Each structure stands twice: as structure tokens, then as C-alpha cells.
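# Architecture at a glance
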Amino acid sequence: MKKEKEPKVKMPMSMMKRILLVLLGIVAVIAVFYIIYYVVHYVSYNKYEDYLSTYEYEQGGSYSPIAESSSSVAGYELVAENDNLKLYTDTKSANVAVYDKRNGEITYSNPPAVEEDTVANGVNKSYMKSQFMLYYYNEDVTSGSMCSYADSVAKGQYSWEGIGNGIRYIYQVGDETGIHFSVPMEYRLGEDNLEVSIPVKGIEEYNGGYIYRIQMLRYMGATSYEDTGYMVVPNGSGSLIYFNNGKGGQGNYSQYIYDIDPLAANYTTIENLQTAKLPIFGICKEDSSLLVSVEDGASTSIITAAVSGTDCDYNYAYPSFVLRIADNLRMFGDATQDIYVMEPDAYDVNLRARYTFLTEEYTGYSGIANYYRNRLVDEGVLTATDSTGDIPFYYDVISGVKETSHFLGVQYLHTFSMTDFDEAEEMSSLLASDGVTNQVMNLQGWFNGGYFHDAADKIKVTRRLGGKSELEDLNQAVKDNGGKLYVDTAFQEVTMADDDFPSNKEASRYYGAGYVATFGQINPTTLRNTSGLGYVENIYSLLSPKYLPRYVEKFSKKIQKIDVDGISLRDLGNVLTSDKKRTKQINREEALDVVLGQFEVLKNTNKSIMTNSANGYAFAYSNDIINAPLTGSDLTIIDTDIPLYEMILHGYVSYSSDVLNYENSDDMDKMVLTLIEAGASPHYMFTWEESSEMKMTALNRYYSTTFANLKDEAVEVYQTINDALAPVNGAAIVAHDIISNNVRRITYDNGVTIYVNYSESAETADGLEIPAMGYRLEGK
């Protein structure tokens with residue numbers, strides 16, 4: 001008998017529709033919630049705007065020169081006067097000059113004898129008569145340049161008006177029938193200085209012209225063949241360029257203050273250069289000096305210096321300011337179809353430099369250091385320490401390190417211990433037993449997955465290192481040994497190994513193609529600085545300044561629940577990046593405002609702060625600085641390096657050298673003398689485990705870190721340097737003198753003088769013999 005098929009049960013169409021509608025509703029609700037979250041968490045998050053500064057564009061008025069019986073500057077009229085200075089101008093040329101009542105010196109904005117110059121051609125003479133030069137793009141992104149003399153003053157296309165304690169010139173630059181600009185330039189007389197500014201608010205651009213860079217007062221205070229002295233430039237620790245050194249035509253000095261914006265830098269690194277950490281430069285003659293400090297716009301500024309014979313008879317130095325960039329946009333991956341796109345708006349910054357006139361009390365580079373340090377003290381940026389006795393010994397301790405492992409054929413990263421917290425405590429105790437009690441430990445890799453840690457909006461102390469309780473025990477042990485513990489944190493450089501960091505949303509982007517900017521190590525073959533060298537941990541993106549406050553605030557709340565004395569900032573004091581995201585651009589000067597705001601947040605945790613190779617803006621927040629620059633870049637135009645950076649800081653902020661692990665025995669003796677000359681403490685990097693354990697990790701470049709192998713050498717180096725510097729710990733450097741090619745004399749305000757001799761034979765200075773490759777203390 002044939003079995004009948006059972007009839008299929010069909011779901012009613014209405015039920016299927018209901019289920020489908022429910023599913024669609026769930027998806028829609030999820031989508032709505034995600035959109036709300038996205039808008040609130042990313043698009044509408046504008047906490048960074050709370051930190052942005054602004055400036056006012058002063059309303060100009062009528063100008064009338066001040067009457068006087070006779071002018072202190074022939075052919076010029078008096079604009080403003082105080083007890084020390086007189087500001088003059090020549091409205092026929094728009095030149096200005098400052099007469100110093102204290103010594104009778106006259107400083108001109110432009111050389112008064114341009115037509116007599118034996119080197120300058122017609123174009124360069126126009127530059128010498130100009131107060132500024134501007135560089136621009138047209139609508140086709142073709143670049144050009146103009147100068148205020150040939151393209152404005154010589155054509156009578158300028159005017160002037162009165163402002164508070166000074167004068168403003170307004171230049172109509174270029175041909176009004178083509179590409180042209182209106183640029184204001186202001187001069188205001190201060191107690192011992194002249195402030196010069198170009199407020200971007202007042203700049204107008206016409207007919208498709210876009211200014212991308214301005215040079216300010218290229219020849220202010222320029223010196224001639226007849227003058228003796230040098231220019232001081234912020235090359236690393238600081239450098240001197242002697243007037244008329246015969247290096248004209250061998251390349252100018254030119255460096256970005258605080259280094260170039262990472263988003264404007266080249267992908268390739270062809271030389272390892274020291275960066276400019278200070279926003280100052282100087283021109284020093286025998287009896288007077290001109291100190292120039294970039295007051296606003298420093299993060300967009302470039303310092304340039306040239307010697308006589310380059311393009312004229314004069315030695316000169318000046319600041320330039322970047323107003324926007326043009327970025328490369330590659331079409332379809334084809335290099336032949338590259339086009340350039342410009343940022344539409346100029347950075348709204350008051351480009352401002354202060355020219356301070358120093359008299360005999362502050363002559364030379366020592367005078368510049370003393371004056372600038374005193375000013376920072378008066379402004380509350382620096383505070384004298386009460387340190388005496390032994391100098392600090394700085395050491396990094398690498399604790400957790402990421403390593404590639406496999407499970408069932410799946411690759412993953414796990415964290416292993418190179419130094420757990422108990423072992424770090426043992427390090428501290430062993431150093432203390434050898435007499436190194438004033439020790440500063442920088443603990444790296446303590447949280448969020450190790451040295452290349454996840455983004456710092458959360459804190460997870462690594463358990464296999466000992467966890468929170470043993471970290472706090474370590475802090476107490478270091479304190480008991482006479483030292484201080486800092487826990488290392490990178491806020492801005494976020495490793496690509498952090499799978500939870502939304503780099504496509506929160507990282508800085510390039511303007512042209514709009515993609516996330518990523519960086520890494522230098523590939524020795526291609527020289528590109530975006531390589532992981534086989535390890536994803538080495539590659540990182542940069543947290544946008546827009547979201548930096550979120551991460552710092554969350555970290556600050558959590559770190560206050562952990563009993564550690566200090567926070568070490570791996571990148572906040574020396575990395576300054578813009579964000580070119582087209583929907584919300586943040587320029588470098590705005591980024592600086594945000595960074596300074598985050599320093600305030602961290603300061604309010606009441607923990608000490610240590611910065612890494614700190615730029616000048618971080619001084620106010622730094623209790624300690626590691627990896628301070630002790631030399632400058634080896635540029636042809638440079639004649640000698642000086643410890644200007646250290647002369648400003650000594651006695652106010654303690655600082656160390658870069659790590660000494662990799663100095664060979666032949667170089668170590670010279671390095672020890674360099675530290676003594678600069679008043680710097682030694683700095684080492686340690687691991688408890690053998691450094692070979694890191695061979696197959698992203699930290700394989702640190703091949704000599706084993707504490708057991710390095711301790712005795714480190715203690716010996718420390719004791720040698722401490723013997724020299726303990727008598728001046730906490731004292732300010734009031735003079736640094738180059739006695740000869742090999743001998744330096746460093747004078748402190750407590751009466752101690754240190755002589756350093758780099759020669760292989762004994763040398764004599766001030767009637768005293770200084771031993772070969774050694775030093776001598778006087779006044780101890």
C-alpha cells in the first residue's frame with residue numbers, strides 16, 4: 001500500500017513578514033544606536049577646543065611721529081620711547097630701527113648700506129631692502145615668491161597706521177590685476193625689546209593666491225665683515241656660527257623649531273639630525289647681543305642663518321613661518337598622475353617674534369642663556385630646585401615585551417617578562433648598595449601589553465610582572481633606596497599591534513589622500529621611516545590632537561589610583577603633530593595648545609613628570625628630562641656646539657644623557673667629559689634577563705641591556721661624573737667659555753668652576769693645569 005506524503009506546513013506569509021520586520025527593526029535600532037554613538041564619540045567630540053587660544057587684531061588709528069630736537073637715528077622719525085629704547089621708522093622705505101639708550105647701539109631692520117654690497121645682485125638687494133618675503137601657490141599649485149620692497153614699497157603700494165606703543169605697516173604685495181596679497185606687519189616697543197608680528201587675521205589673499213610661507217625680518221641685526229662675534233642657533237644642545245667664517249655658499253643653517261610636523265615630513269630619512277628644542281636664536285657682537293624668541297607660531301617656524309659671502313656681505317639669522325602646506329595626492333596609485341592639493345585656509349596664528357636687546361650684563365651666548373633662564377623664572381616656567389649632594393642616576397628598566405607566538409597554527413602576540421617588578425626592586429637595591437642612592441627608574445612596559453603598549457585610555461598592570469600591588473611595592477622600595485620611580489607612557493604614538501585602537505577614526509591623517517599617517521623604524525635598504533622591520537609593533541599611528549584630551553583624562557583618573565611617584569612621558573614632550581583631516585583640521589599651533597592643556601591635566605595628578613628629550617614648551621611641567629641633547633647636528637656651516645639647552649636648565653630641571661649602553665670604551669672617556677661639561681647625569685637601560693631574549697622581538701635593537709653585565713660599568717661611570725658634578729648639583733651655570741679647541745670652562749653661581757680638557761695631553765687655562773682627557777674643579 002503506497003504511503004501518502006505528509007503535507008508540508010507552510011509558514012503564513014504574514015508571520016514571515018513579521019519576523020523579517022522584527023529583524024529589520026533590530027538592525028535599524030542597532031544602526032541608529034551606532035550612528036548616535038559615532039556622532040557623540042567621534043564627530044561631536046570637541047573637548048580639544050577648550051584648550052585653544054586666540055588673539056585680537058588691534059584696531060589701527062592715526063599715526064604721528066613723536067617730535068624731538070634731534071633724531072638718534074639719522075633720517076628716521078621717532079615712533080615710541082621708554083627708559084631703555086627708542087623705536088624709529090623711515091616711512092619712505094618702511095624700515096625700522098631701535099636705538100638703545102644704555103649703550104648707544106642702533107639695530108636696523110635692514111642694512112643701511114645695501115647699494116654698497118659687494119656680493120648681492122639686484123634681486124638680493126631687493127631682499128635686503130624688504131621686511132618680509134612671502135612664498136605662495138596659485139590656483140594651479142604653482143609656487144612663486146614676492147618681497148615687500150620690490151612688490152610693494154617700490155611701487156608705493158603700502159600705508160601705515162598707529163597702534164599701541166608702535167606702528168603697523170600694511171603692504172599691498174603684487175600686481176592688483178593678477179595674483180596679490182595684503183599683509184600687515186606690526187612693531188611694538190617693550191621695556192628692553194621690540195615685538196614684531198604678522199597677524200594672519202589681517203592677511204588678505206586675492207585672485208587665487210595662497211601664501212604658504214613668510215620670512216620675517218631676514219636682515220634684522222645683520223652684521224658685516226667688520227664685526228666680530230657669532231650667531232647662536234638652537235641646533236640640538238645649541239651651536240655657534242662665527243661671523244665671516246668663510247663658509248658662504250656651503251649651505252645655510254635651517255631647522256624647524258620642535259622638528260618638522262610629522263605630517264609634513266619626508267618618508268625617507270637620509271641623516272640622523274638633532275632637532276631644535278628651543279624657540280630662540282641670537283646674534284652676538286663683542287659688546288652687545290640680540291636675542292630673538294619666537295613667541296607665537298613657534299611650532300610652525302623655521303630658523304635660518306647664513307654667513308657673509310652667501311648672497312651678500314652680511315651675516316644674518318631670521319624666522320620663517322609656515323601658513324599652510326600643499327600635499328601630494330596620487331591618483332589610482334600612478335606616480336605619473338600625482339597632483340598637489342592645498343589646505344584652503346591659512347593657519348590663524350599671530351606670527352610674533354621678540355627681539356631683545358642685551359647689554360654688557362648679558363653678552364655672548366652665556367648672556368643669552370642667563371637672560372632667557374631669568375625670564376622663564378620670572379614667568380613661572382622654571383623654579384629653582386633645592387637639590388644638593390649626589391646627582392641623579394637615570395636608568396630605564398624594560399619589563400614587559402611583546403613576542404610573536406603560535407597556537408594551532410594561529411599567530412598572536414603575547415607579553416613576556418624581561419624584568420618583573422621584584423627583579424626591578426632587586427636592581428634598585430643592588431645599585432643602592434653600591435652607593436647609587438639618588439636613582440631615577442623609568443619603568444617601561446609595565447602596563448597594557450608591554451613596551452609597545454595599547455592606547456593609554458585604560459591601565460591594566462601586567463599580572464605576570466607582578467600586578468598592581470607589586471608595582472606599588474617597587475615604588476616604595478625605590479623611594480626607600482633614596483630614588484624615584486616613573487612609569488613610562490606613550491600617549492601619541494599608538495602601536496598598530498593595538499587591535500582595539502580605532503586608528504581610522506582617531507589617528508591623524510594626511511591632507512592630500514586623506515589616509516592615516518603611519519610611521520615606524522628606518523629600513524636600512526630603502527631608508528623609509530615607515531618600516532616594521534618584520535614586527536607590527538614597530539609601526540604606529542599618531543593619535544589626533546582632537547582625541548588626545550580623552551585619553552589623557554582617562555589615564556589621569558586611573559593613575560591616581562596607583563601609588564607610584566611619577567609619570568614618564570615618552571612622546572608628549574617631544575612629538576607635536578597636526579591633523580589634516582579635511583572635515584576638521586588642527587594645525588600645529590592648535591595642537592600645541594592641546595598638548596599644553598594635557599600637561600596641566602597630568603600635573604593635577606600631583607605626580608612628578610619626566611619628559612623625554614623635552615622641547616621648550618615642556619620645561620614648565622618637567623621635574624626630570626631624559627635624553628637631553630648634548631650636541632648639535634654636524635652641519636657644514638656650524639663652527640662649534642655649546643650646551644645652551646643645559647645652561648638654561650641646570651639648577652632648575654635635572655636632566656640626563658641618552659643611554660650609554662652602546663658607547664665603546666674608546667668613546668666613553670670623551671662622553672663622560674661631555675656629560676661633565678653639560679652638567680648632565682648618566683643614563684642606562686637595563687633588563688634582568690639576558691638581552692638576547694629580545695632577539696626575536698621588535699626590541700632586538702636593544703642588544704646590550706643585561707643588568708648583571710652592565711652594573712659595574714654603570715656604577716663606575718656614575719661615580720666619576722658624580723665626583724665632578726655633586727659640588728654643583730642645584731647650582732645654575734652662569735658662564736660657559738671656550739678657552740681653546742680642547743678646553744672648556746664652566747662657571748656656576750655657587751662659586752665652583754669646572755675645567756674640561758678633551759686633549760690627549762695636559763692643557764693650561766687661567767694658570768691652572770687640566771689633566772689630559774680629564775677635568776679640574778676650582779672653588780669647591
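Everything quoted here is computed from the prediction, not taken from an experiment. Each chain carries its own residue numbering, running from 1 in the direction its sequence is written. Local features in a predicted model are, by the rule used here, given only for residues with pLDDT of at least 70; side-chain atom pairs are given and counted only at 80 or more, and totals for whole chains, interfaces and linings are based on all residues. Values shown for side chains rest on all heavy atoms present in the structure; no hydrogens or waters enter the calculation.

## Some details on unusual backbone geometry
If you check the backbone angles, Asn606 has positive phi at about 65° while not being a glycine. Here a strand is any run of E in DSSP of at least two residues, a helix any run of H or I of at least four, and the numbering for each starts at the N terminus. Here Asn606 lies in the loop between α8 (588-603) and β32 (608-612). The backbone of Asn627 sits at a positive phi, close to 60°, despite the residue not being glycine. Turning to its location among the elements, Asn627 is positioned in the loop between β33 (624-626) and β34 (640-641).

## Things to note about the pattern of salt bridges
Note on definitions: salt bridges are taken to be side-chain nitrogens of Lys or Arg within 4 Å of carboxyl oxygens of Asp or Glu. In this structure the tally under the stated criterion is 37 salt bridges. A salt bridge links Asp311 to Arg218; the shortest N-O distance between them is 3.3 Å. Placement of the pair is Asp311 in the loop between β18 (301-306) and β19 (316-322) and Arg218 in the loop between β12 (210-216) and β13 (229-233), with a sequence separation of 93 residues. With relative accessibility at 12%, the residue Asp311 sits in the buried group. A salt bridge links Asp565 to Lys479; the shortest N-O distance between them is 3.3 Å. Linking Asp565 in the loop between α7 (548-559) and β31 (566-569) with Lys479 in helix α5 (residues 467-480), this pair joins segments that are 86 residues apart in sequence. One salt-bridge network, in which partners are shared between bridges, spans Glu58, Glu161, Arg168, Glu186 and Arg188. Remark: exposure states derive from per-residue accessible area (1.4 Å probe, protein chains only) relative to the maximum for the residue type, with buried under 20%, exposed over 50%, and partly exposed in between.

## Section: the sheet that holds strand β6 (residues 143-147)
Strands are treated as partners if at least two bridges between them are detected by DSSP. An order of β6-β5-β12-β19-β18-β15 is seen for the 6 strands of this open sheet, with the pairing classed as antiparallel. This sheet does not close on itself; its edge strands, each paired only once, are β6 and β15 (253-256). Across the sheet, the axes of successive neighbouring strands diverge by a mean angle of 20°, strand direction being ignored. Pairing between β15 and β18: 4 bridges, direction antiparallel. Across the sheet, the residue bridging to Tyr256 is Ile302, located in β18. Each axis is a line fitted through C-alpha atoms, taken for helices only over the stretch in contact, and angles between the N-to-C directions span 0 to 180 degrees.

## Comments concerning the packing of helix α10 (residues 665-678) against helix α11 (residues 707-725)
Put simply, α10 and α11 touch, their axes get as near as 10 Å, and they point 40° apart. The way α10 lies across α11 gives a crossing that is right-handed. Contacts from Met668, Val672, Leu675 and Ile676 in α10 reach Glu713, Val717, Thr720, Ile721, Ala724 and Leu725 in α11. Residue polarity is assigned by list, with Asp, Glu, Lys and Arg as charged and Ala, Val, Leu, Ile, Met, Phe, Trp, Tyr, Cys and Pro as nonpolar; anything else, Gly included, falls into the polar class. Residues of the contact of α10 with α11, tallied by class, amount to 8 nonpolar, 1 polar and 1 charged. Less than a right angle of anticlockwise turn of the near helix away from the far helix marks a crossing as left-handed, whereas a clockwise turn marks it as right-handed. Here a residue-residue contact requires only that any non-hydrogen atoms of the pair lie within 4.5 Å.

## Looking at the nonpolar core
Definition used in this section: a nonpolar core is a set of buried Ala, Val, Leu, Ile, Met, Phe, Trp, Tyr and Cys residues joined via side-chain atoms within 4.5 Å. Judged by nonpolar contacts, the single largest core of 181 residues is most densely connected at Leu134, Tyr187, Tyr355, Trp446, Leu471, Phe555 and Phe686. When residues in this core are grouped by element, the largest group, 9 residues, is from α11. Among the nonpolar cores identified, the runner-up in size contains 13 residues, and Val401, Val659, Met694 and Tyr702 belong to it.

## Brief notes about a nonpolar patch on the surface
Judged by side-chain polarity, Val32, Tyr34, Ile35, Ile36, Tyr37, Tyr38, Val39, Val40 and Val43 come together as a nonpolar surface patch covering roughly 810 Å² of accessible area. Look at Val39 and you get partly exposed, because its relative accessible area is 33%. Patch membership requires over 30% relative accessible area and the absence of a salt bridge. Like charges are linked within 9 Å, and nonpolar side chains (Val, Leu, Ile, Met, Phe, Trp, Tyr) within 5 Å. Reported accessibility uses the Shrake-Rupley method at a 1.4 Å probe radius. Residues are deemed covered only where the shown protein chains occlude them.

## Points about the packing of helix α4 (residues 421-433) against α11
Running from N to C, α4 and α11 cross one another at 30°; their axes reach a closest spacing of 11 Å. Put simply, α4 runs roughly parallel to α11. Once α4 is placed against α11, the crossing between them reads as right-handed. Side by side, α4 and α11 meet where Met427, Leu430 and Leu431 of the first sit next to Phe707, Lys711 and Val715 of the second. For classification, angles of less than 35 degrees are called roughly parallel, those exceeding 145 degrees roughly antiparallel, those between 65 and 115 degrees roughly perpendicular, and all remaining angles oblique.

## Points about the sheet that holds strand β28 (residues 493-495)
Taken in spatial order, the 3 strands line up as β28-β30-β29 in an open sheet, and their pairing is antiparallel. Since the sheet does not close on itself, it has two edges, and those belong to β28 and β29 (518-519), each with one partner. For β29 and strand β30 (residues 540-542), the ladder comprises 2 bridges, and the chain directions are antiparallel. Across the sheet, Thr518 pairs through a bridge with Ser541, a residue of β30.

## Topic: the packing of aromatic side chains
Side-chain rings of Phe, Tyr and Trp, where Trp is taken by its six-membered ring, are said to pair if the distance between their centres is within 6.5 Å; with planes under 30 degrees apart they count as stacked, over 60 as edge-to-face, and otherwise as tilted. Applying the stated rule across the entire model yields 36 aromatic pairs. Note on Tyr230 and Tyr242: the rings are 6.2 Å apart at their centroids and 75° apart in plane angle, and the pair reads as edge-to-face. With a gap of 12 residues between them, Tyr230 in strand β13 and Tyr242 in strand β14 (residues 239-242) connect regions that are remote in the sequence. Overall, Tyr242 belongs to the partly exposed group, its relative accessible area being 33%. Cluster of aromatic residues (ring-pair linked, three or more members): Phe393, Tyr395, Tyr684, Phe686, Trp688, Phe707 and Tyr718. Taking the ring centre of Tyr55 as reference, the NZ or CZ of Lys201 above it sits at 4.8 Å. Here, a charge over a ring is recorded when the distance from Lys NZ or Arg CZ to the ring centre is within 6 Å and its angle to the ring normal is within 35 degrees. Taking NZ or CZ as reference, Arg570 lies 4.3 Å from the ring centre of Tyr451, over its face.

## Brief notes about the environment of Gly162
Along the chain, the position of Gly162 falls in strand β7 (residues 158-163). Taking relative accessible area as the criterion, Gly162 reaches 12% and is therefore assigned buried. Separated by 611 residues in sequence, Gly162 and Met773 have C-alpha atoms that sit 60 Å apart. Beyond its immediate stretch of four places on either side in the chain, Gly162 contacts Gly60, Gly61, Ser62 and Tyr63.

## Some words on the environment of Pro234
You can see Pro234 is positioned in the loop between β13 and β14. Overall, the relative accessible area of 1% leaves Pro234 in the buried class. Once you skip the residues sitting within four places of it in the chain, Pro234 turns out to touch Tyr253, Gln255, Thr275, Ala276, Lys277, Leu278, Ile280, Phe281 and Ile303.

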